[in-house]
Every structure is written in C-alpha cells, then in structure tokens.
Amino acid sequence: MVLYLENLRLTEKSRIFISQLRQGSERCAALSSDSEKTKIVTKMNIDILLYIIFIIPILIVGLQIEKLNHKKTFIIWILLAIFLICIGIMIEDNSNNEIRSISYFGSQMLFIFLIIHKITRDIYFKIFKREPEFGKFPKHKIDIIYTLILTSGTMVLPFLIDSYVLKKF
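The structure displayed is predicted, hence computed values, not measured ones.

Caption draft 1: The arrangement of the nonpolar core in detail. Among the nonpolar cores identified, the biggest contains 19 residues, and Val61, Leu68, Leu110, Phe113 and Leu114 are the most heavily contacted of them. At six residues, helix H3 (residues 102–128) tops the list of elements feeding residues into this core. Sequence-distant contacts of Phe113, that is, excluding residues within four places in its chain, are made with Ile58, Val61, Ile65, Phe134, Leu150 and Thr154.

See the structure below:
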C-alpha cells in the first residue's frame, strides 16, 4: 500500500513536472515566434528606410526637371540611377526573402523616371514645340497627361518589368 502511494505521488509529481515542461515549451515557442516577428518587423523597417533613401533622388530630379535638358546633367543622373540599381540588386541578393523587397523596386524608379522623361519630353517637344510642365497645376491642361504618364509609369513599370522578367527567365 505504501509503495502504491509512493508511485501515485511520483506519478502526480511527474504529471506536474510534465505540465510545467509543456508550459515552458509553449512559452519558448511564443518567445521564438515573437523574435521572428521582431526580425520581420525590423526587416520591413529597414526595407522602408532604404525605399525612402532610393526615392530622395527622384524628388530632387522632380524639383529640377528643367536641368535634365542638358546632356551632361542627364548623363550624371543616369549614372547615379544605374549605381542605385546596382545597390538595390546587391541588397536583394543578400536578403533571404523569396519575395522582392520594396527597396529593390525603389532602386529602379529613378532610372525608369529618367527614361520615361527623356522619351515623353522628346515626343511632347516635337508635337507642341515647347517644354512640358511637370507639376500638379500646370499652365496648359495638356501637361497633366505628361505628368500622369511620368508619375504612373515610374510607379508601375518596376513591378511590371520584374514580373515580365520572372516569367521569361
């Protein structure tokens, strides 16, 4: 009878011990998932910061768009855009995500902005014999189309080009 009671106590103690182990492992799992969430949030914060850094040159160019008509200035901005694309590719290659990061697309936007500007400006200049105005409220209403093409193309084309390249290769 005493042996039975000791086994019962041992069994009861082992049950308590096992339940404490389970609770500890659940806590560890919760902590590890929290640390994974923290890593994801940190990755997203760095990605957004890099995206903002890649967008700053577009804002500078947008404010000085008249200077892009000079060949030397345009070539300097193109070289800077190519440099930013190389940085974006290196960052993307070193990340462990299967999904493309937003900073990768942000690194391409200056280059796409410059190419779209060059093409649309040349067409616009041949048709209307004047420089297009880039802004929210241009003098001539037709300049709104130029602004929309430039801004929407800059936003959408990086994603379209990437999806096209992934389908082909």
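Back to the text.
Caption draft 2: Highlighting the pattern of salt bridges. Tallying each qualifying case throughout the model produces three salt bridges. Close ionic contact of Arg130 with Asp143 constitutes a salt bridge, the shortest N to O distance being 3.3 Å. Within this pair, whereas Arg130 is found in the loop between H3 and helix H4 (143–168), its partner Asp143 is found in helix H4, the two being separated by 13 residues in sequence. On the basis of relative accessibility, which here comes to 22%, the residue Arg130 falls in the partly exposed class. Overlapping salt bridges, with partners in common, bring together Arg121, Asp122 and Glu131 in one network.

Caption draft 3: How the structure looks around the packing of aromatic side chains. Applying the stated criterion across every chain, the model contains five aromatic pairs. An angle of 35° between the planes, with centres 4.3 Å apart, marks the rings of Phe105 and Phe159 as tilted. Here Phe105, found in helix H3, pairs with Phe159, found in helix H4; they are 54 residues apart in sequence, far enough to count as distant. Accessibility expressed as a relative area gives 8% for Phe105, which makes it buried. Looking at Phe159, the relative accessible area reads 41%, which means it is partly exposed. Here Phe113 and Phe134 contribute two aromatic rings whose centre-to-centre distance is 6.1 Å and whose plane-to-plane angle is 80°, an arrangement assigned as edge-to-face. You can see Phe113 sitting in helix H3 and its partner Phe134 sitting in the loop between H3 and H4, a full 21 residues away along the chain.

Definitions and cut-offs
Residues numbered from 1 in each chain as written. Predicted model: local features only at pLDDT ≥ 70, side-chain atom pairs only at ≥ 80, totals over all residues. Heavy atoms only, no water. Core = buried A, V, L, I, M, F, W, Y, C linked by side-chain atoms within 4.5 Å. Buried < 20%, exposed > 50% of the residue type's maximum accessible area, 1.4 Å probe, protein only. Helix = DSSP H or I, 4+ residues; strand = E, 2+ residues; numbered from the N terminus. Contact = heavy atoms within 4.5 Å. Salt bridge = Lys/Arg side-chain N within 4 Å of Asp/Glu carboxyl O. Phe/Tyr/Trp six-rings, centres within 6.5 Å; stacked < 30°, edge-to-face > 60°.

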